[in-house]
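Spelled out, the chains give:
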Amino acid sequence: MQTIFVMVKCELGRAYDVAVKAVEEVEQVSEVHSISGQYDLMMKCYLPDGQDIGHFVVNKLQTITAVKDTFTLITFKAFN
């Protein structure tokens, strides 16, 4: 399992709509956080090993209505 974080910039006034849709319709999305700064949301996603990250982001997240831009962070190791 690989973990990625995707920062999402939304159309004005649409961040909550995007968050709800991502959680309800994209099974790989584990959590969505509202954040401050350049981006509106941060999504934590779990992908099966070998799944193409680029295709996931482009086809599943960037196609959500009102998503304007994304920035993807790929993780290496989680520390507990």
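For the structure, see preceding data.
Each value, and the rule that gives it
Residues numbered from 1 in each chain as written. Predicted model: local features only at pLDDT ≥ 70, side-chain atom pairs only at ≥ 80, totals over all residues. Heavy atoms only, no water. Buried < 20%, exposed > 50% of the residue type's maximum accessible area, 1.4 Å probe, protein only. Helix = DSSP H or I, 4+ residues; strand = E, 2+ residues; numbered from the N terminus. Arc of directions from axis to C-beta. Contact = heavy atoms within 4.5 Å. Salt bridge = Lys/Arg side-chain N within 4 Å of Asp/Glu carboxyl O. Core = buried A, V, L, I, M, F, W, Y, C linked by side-chain atoms within 4.5 Å.

> Tell me about helix α1 (residues 15-25), and please be specific about residues and values.
Residues of α1 that are buried: A15, V18, A19 and A22. Projected down its long axis, α1 shows its buried positions confined to an angular sector of 100°, all on one face. Residues Y16, E24 and E25 are exposed on α1 and point more than 90 degrees away from its buried face. In this structure, the buried residues of α1 make contact with β1 (2-10), β2 (29-34), β3 (41-47) and β4 (67-74).

> Any chance you could break down the environment of A78 for me, citing the residues and the numbers?
With respect to the helices and strands, the residue A78 is situated in the segment after β4. You can call A78 exposed: its relative accessible area is 62%. Linking A78 and T3, residues 75 residues apart in sequence, is a C-alpha distance of 9.0 Å.

> Talk me through the pattern of salt bridges; I want residue IDs and the actual numbers.
This model, assessed by the stated rule, comprises 3 salt bridges. The shortest N-O distance in the salt bridge between R14 and E11 comes to 4.0 Å. By relative accessible area, which is 37% here, E11 ends up partly exposed. When the shortest N-O distance is used, the salt bridge between D17 and R14 registers 2.8 Å. Its relative accessible area of 42% is what places D17 among the partly exposed residues. For R14, a relative accessible area of 27% corresponds to the partly exposed category. If you follow the salt bridges from partner to partner, you end up with E11, R14 and D17 in one network.

> Any details on the nonpolar core? Residues and values, ideally.
Among the nonpolar cores identified, the biggest contains 21 residues, and I4, V8, V18, L41, M43, F56 and L61 are the most heavily contacted of them. Taken together, the elements giving at least two residues each to this core come down to β1, α1, β3 and α2 (53-61). In this structure, L41 is in contact with V6, M7, V8, C10, A15, V18, A19, V32, H33, S34 and I35, ignoring residues within four places of it in sequence.

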